[in-house]
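Residue strings, one per chain:
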Amino acid sequence: MNIDNNSINKLDIHERAENHVYARLLAAERELKQAKEWDGRGAFGSPEEIEETKQKQIIYAQRRVEVQTYILNKLYDK
């Protein structure tokens, strides 16, 4: 793969920050989807404990999505 360094160097710090936060948002969205789809595989405990763990992971992932969305929106507001 040939990366054009000239196009990379043309990005200012604001554009690089937007790209960085957007990549983090995509990762957080993927983690949220995985948390929602998790079937408890690999976990130990009662079904209630496993469901509690799943719900906590969903909440954590949702917060990450919200924070990254907030940061990205603030970057675009400038």
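Scroll up to find the structure.
Residues numbered from 1 in each chain as written. Predicted model: local features only at pLDDT ≥ 70, side-chain atom pairs only at ≥ 80, totals over all residues. Heavy atoms only, no water.

Undergrad: What's the story with the overall build of the protein in this structure? I'm lost.
TA: A count of helices and strands for the protein gives 3 helices and 0 strands. Counting only residues that meet the buried cut, the protein has 22% of its 78 residues in that class. Here the contacts in the protein between residues at least 6 apart in sequence split such that 68% fall between residues at least 24 apart. If you sum the accessible surface of the protein, you get close to 6,500 Å²; carbon and sulfur atoms cover 53% of it. (Helix = DSSP H or I, 4+ residues; strand = E, 2+ residues; numbered from the N terminus. Buried < 20%, exposed > 50% of the residue type's maximum accessible area, 1.4 Å probe, protein only. Contact = heavy atoms within 4.5 Å. Areas by Shrake-Rupley, 256 points an atom, 1.4 Å probe, with all protein chains shown as cover.)

Undergrad: Would you mind showing me how to read the pattern of salt bridges here?
TA: Side chains that differ in charge, positive against negative, can pair when their charged atoms come close. This structure, assessed with the given rule, holds 4 salt bridges. Between Lys-33 and Glu-37 there is a salt bridge, with its nearest N and O atoms 3.9 Å apart. Here the residue Lys-33 and the residue Glu-37 both occupy positions in helix H2 (residues 13-37), the gap between them amounting to 4 residues, near one helical turn. According to the relative accessible area criterion, Glu-37 is exposed, its value standing at 54%. (Salt bridge = Lys/Arg side-chain N within 4 Å of Asp/Glu carboxyl O.)

Undergrad: Is there a simple way to think about H2 in this case?
TA: Since the α-helix turns once every 3.6 residues, residues separated by three or four places project in the same direction. The end-to-end C-alpha distance of H2, which contains 25 residues, comes to 36 Å, matching closely the 36 Å that a straight helix rising 1.5 Å per residue would cover. All of the buried residues in H2 are Glu-18, Val-21, Leu-25, Ala-27, Ala-28, Leu-32 and Ala-35. Buried residues along H2 sit against helix H3 (47-77). A side-chain oxygen of the first residue of H2 lies 3.1 Å from the backbone nitrogen of His-14; this N-cap is Asp-12. (Expected span 1.5 Å × (residues − 1). Polar contact = N/O pair within 3.5 Å; in protein donor to acceptor, adjacent residues only side chain to side chain.)

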